[in-house]
Amino acid sequence: MKLIANGLNKNFFRSLLPPSGAELDGVVAAIAYGDDRTELLEHCLSNKFRLDIWMRYDHKVPVSPTFLSKLLKNSRNNVFCKLVPDRLHSKVIWWKGHGAYIGSANLTDRAWNSNIEAGVFFTEADLIGSGMYEQLTEFFDNLEALDACVDLTEEIVKEQSLLFEIKTRKMAEERELERKRKVPVWEGVSFVDDKSVKDRKKDNFKKEWDYALSSIRNIASQINDFRPVWIESSIPEFWQVDQFLHAYYYNQVRQSNNTYPYEEYYQKNHKDPQSALMSMLVWWKRLPEPPSQEDHTLLVRAPLIKRCLQRDTIRTLERDDLQGLVSSTHATMDHLIKMSTATLGKPGQKSLSRDERLPLFTDWLFNCRNNKGQSIFELLDFVLYGGRIEDMWERIYLAGKHDDYRFDHYGINSIAEVVGWAKPEITPPKNGRTNKALRALGYSVRVTI
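Residues numbered from 1 in each chain as written. Predicted model: local features only at pLDDT ≥ 70, side-chain atom pairs only at ≥ 80, totals over all residues. Heavy atoms only, no water.

Enquirer: How would you explain the nonpolar core if you had to name every residue and give the values?
Expert: Of all hydrophobic cores here, the largest spans 82 residues; its most connected members are Ile 219, Phe 244, Tyr 248, Trp 284, Leu 309, Ile 396 and Leu 441. If one sorts the elements of this core by residue count, helix H9 (residues 237–253) sits on top with nine residues. Formed by 36 residues, the second largest nonpolar core is a distinct cluster that contains Ile 4, Ile 53, Ile 93 and Trp 95. (Core = buried A, V, L, I, M, F, W, Y, C linked by side-chain atoms within 4.5 Å. Buried < 20%, exposed > 50% of the residue type's maximum accessible area, 1.4 Å probe, protein only. Helix = DSSP H or I, 4+ residues; strand = E, 2+ residues; numbered from the N terminus.)

This is the structure we're talking about:
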C-alpha cells in the first residue's frame, strides 16, 4: 500500500504502471475527467492489455474530444469506453493482477504530474487481504449493469468536439450547451433497486455460465478423437478438455516475454472458433508427452480431489485432506501467492514462497467459518449435494458471491474448479484460466466467472 501525492512525496502516478511482461486479467477504470496526455492508454496498447474504461459525459466536455477519439479508434485493440452521464466522479484504475489506484487523480496531464493529488495504490495482495478485491469487483459489476451508460460513438465524439469549440470560444451559456446534449441528464444511481441489481448480476452469471458450459461441451464431444497417447481412454472427457485448455494457454497463448495476449487471439479467432479449435486439437493429439504437467493433474491431482469430495467422505475430512485439496487446485494455488503475509499469520515477513504459504493457508481455511457457520467442507457439501443437479450453478454462485456463504480467499474460481474435478459426469472444472483459454480460441466468454 502506497500514498500517491506526486511532487509532495515524490510518488508519481506513472510509477504505478505494471512492468512490461506482467500477466494481467485486463485493466478496468472509472475516471470522470481526462485528456490525451497521460500514459494509461499507450501503456495498455503497448502491452496488449484489454482496457475497459468508464468516463463522464455531460455538456461541459469532461473528457477531451481528442482522447475520446483515440479511445474509439482503438476499439479494435481491445479498448472499450462507456460514458456515464452527469454523476460519475470516481477516480479508480485497477490493473487486475497488479493492483489498484483509488484517489483524487483524474486522467489528465496535471493530475499525473503537477497537481497535489492524494490517492492510495493497493497491491493485489492488499486488495485480497483487505476484502477490497470483492468490493472493487462489485463496483465495476454495478457500473456495467447501469442502464444509463452509453457506448462511446463517433456521433458523441463529434458532438463533444463541437461543444468543446463552443466552450473554448465562450460563445454560449450553460443552458445553450445543455440543449445540445444527445443524452438526457441522469439523476444518479440512488433510484436503482438493490434487489434488481443483484438479480441481474445473478442472471448474467447464469447466462455466462451456460455459454461457457456449451462451449466446453462442444470441445468434449470431439476430445476423444484427439486424445494424445499418454492419456488413458478412461479419463473423463471434461477432465481432458480442461487439461487441453491448460496446455493451450501455457504453451500457445503464452509468449516468450511471459505475456498472455488472449484478447489478441480472440480478435483473430472469434469469426471461426471451430477452425482455431481443430488446429489446436491436432497440435494436442500430436504431443508426444505432456508439455506442462497435464499428466500429473489427470492422474494425481484430479483423482485426489474426486476421492476427497465424495458424498460419504466430504464431512469427515481432516486438516491434511484440506491441504491436499488446496495443493491440487490450480485456482487456489494461484490465489494464495497473492495473499498478504499478515493474513497468513506472518506479518513480520515480507515474502513467503508458495510452498511456505500452503500449510499456513490450509490452517487458516480449516479454522474458518462463513456467516452461516459452515466449515469449508460443509460449504462444498452444500454446493455438490445440497439440491438438484441442474441447480448446481446457483449453489456455486451463492458459495462464491453471497455474503452468507462465501469465504474470503476461497472464491468462485476455486469452487467451480473443484466441483468439476469431483463431478466430471455433471460439470467441467472451470476457473479464470479456463475462460482465458476459451476466449483465446475465439469463444465470446468473459474472462472472470
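Enquirer: Give me the lowdown on the pairing of strand S6 (residues 99–103), citing residues and values where you can.
Expert: In this sheet, S6 lies alongside strand S5 (residues 91–95) in antiparallel orientation, the contact comprising four bridges. Its bridge partner lying in S6, Trp 95 is registered against Gly 99. As judged from the five bridges shared by S6 and strand S7 (residues 119–123), these two strands associate in the antiparallel manner. Residue pairing across strands places Gly 99 opposite Thr 123, the latter belonging to S7. (Pairing = 2+ DSSP bridges.)

Enquirer: Before we move on, can you summarise the sheet that holds strand S4 (residues 79–85) with the specific residues and values?
Expert: Read from one edge to the other, the open sheet built from eight strands follows the order S1-S7-S6-S5-S2-S3-S4-S8, with strand pairing classed as mixed. Because the sheet does not close on itself, it has two edges, and the strands there are strand S1 (2–4) and strand S8 (150–151). Against the sheet, helix H6 (residues 154–169) engages strand S3 (51–57), S4 and S8, with an angle of about 40° to S3. (Contact = heavy atoms within 4.5 Å. Axes fitted to C-alpha atoms, helices over the stretch in contact; angles between N-to-C directions.)

Enquirer: Would you mind going over the state of the cysteines in detail, with residue names and values included?
Expert: Tallying each qualifying case throughout the model produces zero disulfides. The thiol of Cys 44 is not disulfide-bonded; the next cysteine sulfur, from Cys 81, is found 13 Å away. Using a relative accessible area of 1% as the deciding quantity, one classes Cys 44 as buried. (Disulfide = S-S within 2.5 Å.)

Enquirer: Break down helix H18 (residues 412–422) for me, with residues and values.
Expert: When you tally the buried positions in H18, you get ten out of eleven residues, the bulk of the element. Within H18, the full set of buried residues consists of Ile 412, Ser 414, Ile 415, Ala 416, Glu 417, Val 418, Val 419, Gly 420, Trp 421 and Ala 422.

Enquirer: Can you explain the pattern of salt bridges? Please cite residues and give values.
Expert: By the definition in use, this model includes 27 salt bridges. Glu 264 is paired through a salt bridge with Lys 48; the nearest N and O atoms lie 3.1 Å apart. In this pair, Glu 264 is assigned in helix H10 (residues 262–269) and Lys 48 in the loop between helix H1 (40–46) and S3, connecting sequence segments 216 residues apart. Connected via shared salt-bridge partners are Arg 50, Asp 52, Glu 263 and Arg 439. (Salt bridge = Lys/Arg side-chain N within 4 Å of Asp/Glu carboxyl O.)

Enquirer: An account of the packing of aromatic side chains is needed here, citing residue identities and associated values.
Expert: Per the stated rule, a full pass over the model turns up 19 aromatic pairs. Aromatic side chains Phe 139 and Phe 140 sit 5.1 Å apart centroid to centroid with 85° between the ring planes, which places their arrangement in the edge-to-face category. Judged by its relative accessible area of 31%, Phe 139 falls in the partly exposed class. Given a relative accessible area of 6%, Phe 140 falls into the buried group. Each member of the aromatic cluster is reached from another via a ring pair, and the members are Phe 205, Trp 209, Trp 393 and Tyr 397. The side chain of Lys 96 reaches across the aromatic face of Trp 94, ending 4.9 Å from its centre. Directly above the ring of Tyr 265 sits Lys 268, whose terminal nitrogen or CZ lies 4.6 Å from the centroid. (Phe/Tyr/Trp six-rings, centres within 6.5 Å; stacked < 30°, edge-to-face > 60°. Lys NZ or Arg CZ within 6 Å of the ring centre and 35° of its normal.)

Enquirer: Report on the packing of H9 against helix H12 (residues 294–308), specifying residues and quantitative values.
Expert: Axis separation between H9 and H12 bottoms out at 11 Å; the angle between their running directions is 135°. Relative to H12, H9 is oriented oblique. Here H9 runs over H12; the crossing is right-handed. In contact with Trp 239, Gln 240, Gln 243, His 246, Ala 247 and Asn 251 of H9, H12 contributes Glu 294, Thr 297, Leu 298, Ala 302, Pro 303 and Lys 306. Tallied by class, residues from the contact of H9 with H12 come to five nonpolar, five polar and two charged. (Parallel < 35°, antiparallel > 145°, perpendicular 65-115°, else oblique. Left-handed = near helix turned anticlockwise from the far one by under 90°. Nonpolar A, V, L, I, M, F, W, Y, C, P; charged D, E, K, R; others polar.)

Enquirer: If you had to explain the packing of H12 against helix H13 (residues 319–327) to someone new, which residues and values would you point to?
Expert: How two helices sit against one another is set out by the angle between their axes and by the gap between those axes. Running from N to C, H12 and H13 point in directions that differ by 140°, and their axes come no closer than 9 Å. Overall, the two elements H12 and H13 adopt an arrangement that is oblique. The two elements H12 and H13 meet at a crossing, and its hand is left-handed. Residue-level contacts link Arg 301, Leu 304, Ile 305 and Cys 308 of H12 to Asp 321, Gly 324, Leu 325 and Ser 327 of H13. Residues that form the contact of H12 with H13 fall into these classes: four nonpolar, two polar and two charged.

Enquirer: Can you lay out helix H5 (residues 132–145) for me, pointing to particular residues and giving the numbers?
Expert: The terminal C-alpha atoms of H5 lie 20 Å apart, and with 14 residues this matches the ideal 20 Å at 1.5 Å per residue to within 8%. Burial in H5 covers these residues: Met 132, Leu 136, Thr 137, Phe 140, Asp 141, Leu 143 and Ala 145. (Expected span 1.5 Å × (residues − 1).)

These values are about where atoms sit, not about what they do.
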